[in-house]
Each structure stands twice: as C-alpha cells, then as structure tokens.
Amino acid sequence: MTHTSTRAPKAPSRRWSWNDPATRALIYQIVILGLVALGVWFLVSNTLHNLSVRNISTGFGFLHEEAGFAIGESVIAYSPADTYGRAVVVGLLNTLKVSVIGVIAATLFGTLLGIGRLSKNWLISRLAGLYIEVMRNIPLLLQLFFWYALITELMPGPRQALTPLPNVFISNRGLKLPWLAGDAMDWIFGGLALAIILTVLLAHWARRRQDATGRIFPLGRAALGLLIVMPVLGWLVSGGTLELDRPELKGFNFQGGLNMSPEFTALLLGLVIYTSAFVGEVVRSGIQAVSQGQWEAASSIGLSRARTLRLVILPQAMRVIIPPMTSQYLNLTKNSSLAVAIGYPDIVAVTNTILNQTGQAIEGIMIIMAAYLVVSLSISVFMNWYNKRIALVER
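In what follows, the accompanying structure is described. (Residues numbered from 1 in each chain as written. Predicted model: local features only at pLDDT ≥ 70, side-chain atom pairs only at ≥ 80, totals over all residues. Heavy atoms only, no water.)

Looking only at helices and strands, one finds 11 helices and 8 strands in the chain. What you see for the chain is a C-alpha radius of gyration of 28 Å, clearly larger than the 21 Å of a compact globule of 395 residues, by over 25%. Oriented by its inertia axes, the alpha-carbon framework of the chain measures out at about 105 × 80 × 50 Å. Across the 395 residues that make up the chain, the buried fraction comes to 31%. Only carbon and sulfur atoms are counted for the fraction: they give 65% of the accessible area of the chain, which is about 24,700 Å². (Helix = DSSP H or I, 4+ residues; strand = E, 2+ residues; numbered from the N terminus. Rg over C-alpha atoms; globule rule 2.2 N^0.38 Å. Buried < 20%, exposed > 50% of the residue type's maximum accessible area, 1.4 Å probe, protein only. Areas by Shrake-Rupley, 256 points an atom, 1.4 Å probe, with all protein chains shown as cover.)

On to the packing of helix 2 (residues 84-117) against helix 9 (residues 305-335). With their axes 11 Å apart at the nearest point, helix 2 and helix 9 run at an angle of 135° to one another. The angle between the axes of helix 2 and helix 9 places the two elements in the oblique class. Crossing angle aside, the handedness with which helix 2 passes helix 9 is right-handed. Counting all contacts with helix 2, which are made through S99, G102, V103, A106, T107 and I115, the residues of helix 9 involved are L309, Y329, L332 and T333. (Axes fitted to C-alpha atoms, helices over the stretch in contact; angles between N-to-C directions. Parallel < 35°, antiparallel > 145°, perpendicular 65-115°, else oblique. Left-handed = near helix turned anticlockwise from the far one by under 90°. Contact = heavy atoms within 4.5 Å.)

With that settled, the discussion passes to the side chain of T275. With respect to the helices, strands and loops of the structure, T275 is situated in helix 7 (residues 262-288). A relative accessible area of 4% places T275 in the buried class. Looking at T275, its side chain comes within polar contact range of the main-chain oxygen of L271, at 2.7 Å. (Polar contact = N/O pair within 3.5 Å; in protein donor to acceptor, adjacent residues only side chain to side chain.)

One can find S376 in helix 11 (residues 361-390). When the C-alpha positions of S376 and I197 are compared, they lie 24 Å apart, and in sequence the two are 179 residues distant. Among residues more than four places away in sequence, those in contact with S376 are L330 and K334.

It is worth spelling out the sheet that holds strand 1 (residues 162-165) at this point. The sheet built from 4 strands is open, its strands ordered 1-2-3-8 with antiparallel pairing. Only two strands of the sheet have a single neighbouring strand rather than two, namely strand 1 and strand 8 (258-260). Across this sheet, the average inter-strand angle for adjacent strands is 20°, counted without regard to direction. For strand 3 (residues 174-177) and strand 8, the ladder comprises 3 bridges, and the chain directions are antiparallel. Its bridge partner being in strand 8, K176 is matched across the sheet by N259. Here helix 7 sits on the sheet and contacts strand 3 and strand 8; the angle it forms with strand 8, its principal contact strand, is near 65°. (Pairing = 2+ DSSP bridges.)

Once that is clear, we can look at unusual backbone geometry. Not every positive phi belongs to a glycine, and N167 is a case in point at roughly 65°. Here N167 shows up in the loop between strand 1 and strand 2 (168-171). Since its relative accessible area comes to 27%, N167 is described here as partly exposed.

With that settled, consider the pattern of salt bridges. In the structure shown here, the tally under the stated rule is 7 salt bridges. The partner of R284 in a salt bridge is E281, and the shortest N-O contact between them spans 3.0 Å. Within this pair, R284 and its partner E281 are both found in helix 7, separated by 3 residues, close to a single helical turn. It is possible to trace a salt-bridge network through shared partners that takes in R117, E133, R136, E281 and R284. (Salt bridge = Lys/Arg side-chain N within 4 Å of Asp/Glu carboxyl O.)

Taking 1.5 Å of rise per residue, 31 residues should cover 45 Å, yet helix 9 covers just 36 Å from first to last C-alpha, more than 12% shy of that figure. The sharpest bend along helix 9 measures roughly 45° and falls at I313, with the proline P315 sitting one to four residues further on. (Expected span 1.5 Å × (residues − 1). Bend = angle between axes of the 7 residues up to and from the residue.)

With that out of the way, let us pick up the environment of A297. Here A297 is to be found in helix 8 (residues 292-300). Separated by 15 residues in the primary sequence, A297 and V312 have C-alpha atoms spaced 9.7 Å apart.

So, on to the environment of V312. Here V312 shows up in helix 9. Classification of V312 as buried rests on a relative accessible area of 18%. For the pair V312 and Q294, spaced 18 residues apart in sequence, the C-alpha to C-alpha distance is 7.3 Å. Setting aside its immediate chain neighbours within four residues, V312 contacts Q294, A298, L303 and R307.

As structure tokens, this is what we get:
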C-alpha cells in the first residue's frame, strides 16, 4: 500500500524584470524617495552652513532661557520670569481654548442653521439662508476686525458698562461674568468629567437597548440629570468652600468673576459666526442626502417631525456630514492663527515675540508648524475613528 504525499505547490519565485509593472513601480518609488531625501538633505545642510557662516546660533536651547515678556491672558500661571518654553505652552493652550469652545459653539449653531434652512416656515428658512450666504462670503479677517472694533471702539467704558443681566457687564474691556470660586472647584470639575463619561456609556447602552427591544430611552433627560447631580455630589463630598465670585468695578476696571477679554471675545465671535455658516450647509446637505421615503415611513408610524429628525434622519445623515465637518473643524483651528491680527496671545503671536527676541526664526516657525500639525492630526484621527464607527458595514 503506497502513500502519496499531498504537498501544497510552491509559489512561483518572483522574477525581477523591467517588463513587470510591479517592478517598475517599485523602482520609480525608490528613485522618487531618494530624490526627495536628497533635496531635504541639501536644504538642511545649506541652511545650517549659511547660519554658521553668519554666526547665528541654532537649536532649541533658548526654550530654557527666561522669557522676559508678559502675556495678556493665560490658562496656566505665567510671569515674565518663566522660560520661553512655558510661554510657548501658554500660547498653545490659548489656541486650544478658543478652538475647543469655537468648535462646540459652531457645531451647535451651525446645526440649528442647517435645520432652519430646511424649515417649512418661510421666514425661518429665508433668514437662515440669508445668514449663511452673507457670513460665509465675508472674509474672516474682516469679521475679526469688525467685532474687535465694535467691542473696543463702540462699547462704553467700565463705569458706563452695559448690564444686560445682573452682574454681567459688557464694556470696551470685554465681557465680565459671575463665576464659581472656592476649594471645591476641582471636585466639581471632576464630577462634571465623570458625568460626561457616564453619559457616553449610557448613550451606548441606550442604543443597544433600542436595537434589541425597540424601546427609546430618555437619554436627554438622563444626561441633563447627570450633568447636574454629579458636580453637586462632588461639591458635597469635597466639603470645600464654594462661592459665586461676582465682578465688581474697582478703579478703572472690573475685578473678580470670569473675564473674557476683547481679543478673545472678538476672535471667538468671528470664528463661530464664520464657521457656523459652513457647518449649516454641511448639515443641510447631509439631511437632504437622506431619502424622502425615510420621512414618509417615519410619519406613517406616527413619529412627529422633530422625533423623525432626531431618531431617523440625523443618524443616517451623519455618515454624509462627518467627512466635510472634519474639514470645518480643521479650518476653524487653523483660522485661529488670525488672532495675531487683533492681539490675542495664541501660539503664533507668542512665538513671533520669542523669535523677535532670540532671532531663532527657523526654530520658531518649526514650533508653530509642529503645534498645528499635532492638533490637526489629533482632530483628524478622532473624526476618522468616529466616521468609521458610524459607517455602514457591508455584508
């Protein structure tokens, strides 16, 4: 009795030939990569040689030296005695602050504009359309100049400040608001962060529950309750002090409370008003990309128009909305560099001051490029992950 071996046939050995398209493509890529590397090496070596000939120092050692200049506003503590490195961090945090707040506000306002433009109410639809067409066709820099001039030139001084609400003051020194202060603030913010995490987990559970049973969980009310209860619990657990810090006029300006400088206010207004017009068009196109039959099917089972929009249309429209929305978030973040035109101390303004003092122009530009590159890539990675998560799975 003989046994026959059933070995898998060997894969044919690869033959390197110029007539093979794959071989030619690989050679072309290697040549192009080598040319790019050669060009980069030439530029870097030539730049370093020219700098050494002119006795211009290079490197990032200057970041450890004393800055010697003040920054008008900062998220973290800063003084002129701190280093250039800390000044760069302050500028980056200022950029992130206005970008994060701007993205959230532009998303909310732009979504309302997009929905409003599709409203059956003639007046709301026309007003939303007029806003979008006007605001997105006025250059952002002009809008920043307008809002900055409106605040600094047309608003009254601190002694004649406008008071639209109690303890809220609007003057040419910016917007002053009451704010919480005390030892319990860290616990309150911790409770708020925990509430956000629990809301995300609850939304995931509610979606799975609805898919399995068809029952809708009141996520909005539950999220609102968490956002109120968890910070209050954090305050109670901490046992620390908590008081409302109200702005008060002392001398020639207000002290206390939350201070929104004219530069920050003008920049935030300009970014939100300009970007929300584009976000509105993104949302409108996403909603219109959903078949009209979805509206009719939802209406046939008794869903109201508002619930149809929230539960049926928007979840499907998100697959169309997310990619262009990512571009708008990136544009808003990069457009924040125009803050230098109105004096807001973002990463560009702070680094410009540093390179003027130190002469490290190349290093300063590299710091700005690296900062925006890291922030933009972070936004892209997160939005691409979310887009992949909500994408339809092909079977």
